[in-house]
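This is what each chain is made of:
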Amino acid sequence: MSAPISAGEFRERLQTLLVRGGGSWPREPRDQHILLKSIVMRFDPARAYTEQEVNEELLAWREEIGQSVHDDHVKLRRYLVDAGYMTRDRAGRSYRVDAVRAAEQFEAEVEAVDPVAVVEDALRQAEARKQAFLRKQKDLRRQQSE
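What you are looking at is a predicted structure, and each value in this text was computed from that prediction instead of being measured.

Conventions and cut-offs
In every chain, residue numbers begin from 1 and rise along the written sequence. Residues qualify for local features only when their pLDDT is at least 70, as the model is predicted, and side-chain atom pairs are given and counted only at 80 or more; totals for whole chains, interfaces and linings, by contrast, use all residues. The side-chain figures draw on all heavy atoms in the structure; neither hydrogens nor water molecules are used. The secondary structure listing takes helices from DSSP runs of H or I that are at least 4 residues long and strands from runs of E that are at least 2 residues long, numbered from the N terminus. For a helix, the expected span equals 1.5 Å multiplied by the number of residues minus one. Relative accessibility thresholds used throughout: buried, under 20% of the residue-type maximum; exposed, over 50%; partly exposed, between the two (1.4 Å probe, protein chains only). Think of it this way: DSSP has to see at least two bridges between two strands before they count as a pair.

Asks: Looking at this structure, I do not really get helix 2 (residues 29-40). What am I missing?
Replies: Since the α-helix packs 3.6 residues into each turn, any two residues three or four apart lie on the same face. Here helix 2 contains 12 residues, and its C-alpha end-to-end distance of 16 Å stays within 8% of the 16 Å for a straight helix at 1.5 Å per residue. In terms of burial, helix 2 is a largely internal element, nine of the 12 residues being buried.

Asks: Sorry, what's going on with the environment of Ala-132 here?
Replies: With respect to the element layout, Ala-132 can be found in helix 6 (residues 115-145). Judged by relative accessible area, which is 34%, Ala-132 ranks as partly exposed. Linking Ala-132 and Asp-89, residues 43 residues apart in sequence, is a C-alpha distance of 52 Å.

Asks: Mind showing me how you'd approach the sheet that holds strand 2 (residues 86-88) here?
Replies: Taken in spatial order, the three strands make up an open sheet running 1-3-2, and their pairing is antiparallel. If you trace the sheet from one side to the other, it starts and ends with strand 1 (49-50) and strand 2, each paired once. With two bridges joining them, strand 1 and strand 3 (residues 94-97) adopt antiparallel strand pairing. Bridging from a neighbouring strand, Tyr-49 pairs with Tyr-95 of strand 3.

Purely geometric numbers; function is a separate question.
So this is what it looks like as structure tokens:
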């Protein structure tokens, strides 16, 4: 990957991928890293997680902001491990965040970004644009009927 992902790019691409995205797992590696980072930020790097705990966090991520991603929690867990964001013991019972891997693709300021707040803000903005468009359409119809 080229330059590290900045906080601004992280916010912008996260909004695009999760609010305006097509629902499938992105093809671009940079976008994949952004989604994986938004997931792994839910985890405490100082502790180990059981598979069930990882699944619960992944389901919570999908519920909060990842509804548009059509992959299930099993695939998301595999993506995290395959991309090196999480490590798994040989028995597959214990998972840990690889803090170095989770940070190396990103500028340090990304750690201060709240992915949930980013997506909620984008949804509010989209709804406001929709309502403004509908008001404009209503006004145009009223003007045409006068």
